[in-house]
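Residue-level structural notes
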Amino acid sequence: MLIKRKRGWEIPEHLATPEAVFINRRALIGGAAGLAAGSLLGPRQALAAAGDPSLYPAPQNPAYTLDRPLTPERFSADYNNFYEFGTSKTVLPAANALKTQPWTLKVDGLVEKPFEIGVDDLIRKVGLEERLYRHRCVEAWSMAVPWTGFPLAKLVALAKPASGAKYIRFETFMDKAMAPGQRAFFYPWPYTEGLTLAEAGNDLAFMVTGVYGKPLPNQFGAPIRVAVPWKYGFKSAKSLVKISFTADRPKTFWEGLQASEYGFWANVNPAVPHPRWSQATERVLGTDQRVPTLIYNGYGEQVAGLYKGLEGERLFV
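Note that the structure is predicted; figures quoted are calculated from it, not measured.

Looking at the pairing of strand β10 (residues 240-246)
Here β10 lies mainly inside the structure; five of its seven residues are buried. The pairing of strand β1 (residues 104-109) with β10 spans four bridges and is parallel. Within β10, the position partnered with V107 by the bridge is I243. Pairing geometry for strand β5 (residues 167-172) and β10, over six bridges, is antiparallel. Counterpart to R169 in the pairing with β10 is S244.

Considerations on helix α6 (residues 119-126)
Buried within α6 are the following residues: V119, L122, I123 and V126. The buried residues of α6 all sit within an arc of 100° when viewed along its axis, so they share a single face. Two residues or fewer past α6, G127 is found with a positive phi of approximately 85°.

Quick look at the UniProt feature "binding site: Mo-molybdopterin" (unreviewed entry) in the protein
Under the local residue numbering, the UniProt record ascribes the feature "binding site: Mo-molybdopterin" (unreviewed entry) to N80, Y83, E84, C137, T172, R225, S236, A237 and K238. Structurally, the position occupied by R225 is in strand β9 (residues 225-227). Since its relative accessible area comes to 3%, R225 is described here as buried. What R225 contacts, discounting residues up to four positions off in sequence, is H135, W147, F206, M207, V208, L216, F220, S236, A237, K238, S239 and L240. Its location among the elements puts S236 in the loop between β9 and β10. Judged by relative accessible area, which is 5%, S236 ranks as buried. Non-local contacts of S236, meaning those with residues more than four positions away in its chain, are made with R225, V226, A227 and V228. Within the local environment of S236, its side chain forms a polar contact with the backbone nitrogen of V228, the two atoms lying 3.0 Å apart.

Observations concerning the sheet that holds strand β6 (residues 192-196)
The sheet built from five strands is open, its strands ordered β2-β1-β10-β5-β6 with mixed pairing. Looking at the sheet topology across the chains shown, the edges are occupied by β2 (115-118) and β6. Neighbour-to-neighbour, the strand axes of the sheet open up by a mean angle of 20°, direction not taken into account. With respect to the sheet, α6 is in contact with β1 and β2, its orientation differing from that of β2 by roughly 90°.

Considering the packing of aromatic side chains
What the rule picks out here adds up to 25 aromatic pairs. With a centroid separation of 6.0 Å and 90° between ring planes, the pair formed by W147 and F220 is classed as edge-to-face. With W147 in strand β4 (residues 141-151) and F220 in the loop between β8 (214-215) and β9, the pair connects residues that are 73 residues apart, well separated along the chain. For W147, a relative accessible area of 1% puts it in the buried group. On the numbers, 4.9 Å between centres and 40° between planes, the contact of W189 with F253 is tilted.

A short note on the pairing of β6
With five of five residues buried, β6 is to be regarded as a mostly interior element. With burial as the criterion, each face of β6 is covered, one bearing T192, G194 and T196 and the other bearing E193 and L195. For β5 and β6, the ladder comprises five bridges, and the chain directions are antiparallel. Looking at β6, one finds that I168 is bridged to L195.

What counts, and at which threshold
Residues numbered from 1 in each chain as written. Predicted model: local features only at pLDDT ≥ 70, side-chain atom pairs only at ≥ 80, totals over all residues. Heavy atoms only, no water. Buried < 20%, exposed > 50% of the residue type's maximum accessible area, 1.4 Å probe, protein only. Helix = DSSP H or I, 4+ residues; strand = E, 2+ residues; numbered from the N terminus. Pairing = 2+ DSSP bridges. Arc of directions from axis to C-beta. UniProt positions renumbered as here; feature names shortened; annotations may be inferred. Contact = heavy atoms within 4.5 Å. Polar contact = N/O pair within 3.5 Å; in protein donor to acceptor, adjacent residues only side chain to side chain. Axes fitted to C-alpha atoms, helices over the stretch in contact; angles between N-to-C directions. Phe/Tyr/Trp six-rings, centres within 6.5 Å; stacked < 30°, edge-to-face > 60°.

What follows is the structure, encoded as structure tokens:
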């Protein structure tokens, strides 16, 4: 007899969105894509959209669902950490200065052959899908969003890393004229992050090019970012221009500023507090709710095995 075990993110079938409602939603989004995105987002948000709208909405991957409602776009689109454009959460107006066309991604380091590729060309090469993911910020707030993109493992396969490659280093754009936050000398710009090659190959690691059925708006990290849902949000670097394969563990942006508070691993764990606040609960964006935080943000079944043998490491902030 076949016994099916539900994964951490799955919900009972009777709570799933009915197919007719789902299809109508997709049709509505698709029909609106060629019209004014501002009718859904508002005028100032419409200015931020970038990318080829004909590629959206993408088919939803039913393996990635949620145990909570999606965060309404009006909340998640206007509450963002993007230090290149300021230290407040309302960076959207400043982020409209980000020029996302044309945009190329450079892949280098310990790979068979370094290359550069336009984001839209990359998308057409690997394809797109939509996944519903939790997102947990180290500041103890959370949201649930429908990311569109492709598995990071597909980019790793394109790069053909050499046998000595053990880590991936992500690098964000650098343009002080466009991004006023980068003029602050005390930050180690450009923004950098990193994963082990094993983490990058996990099914959950996701390269994001869209959200809510549309190309990614600037304040979310257009035109391409990474989403690592079992880690705190600062690990999910935005507006990427370079991905490098290395033998040595990269020193990351926040680790360089304050390693005792923002370590390399940064896996979500309610039992390990940040030095200045508890991580036991989280505020759900757009609501007054505080809910218990789940270890690995609820994705432990899929990722805990990555960290066997690393008990001596600071796996949690």
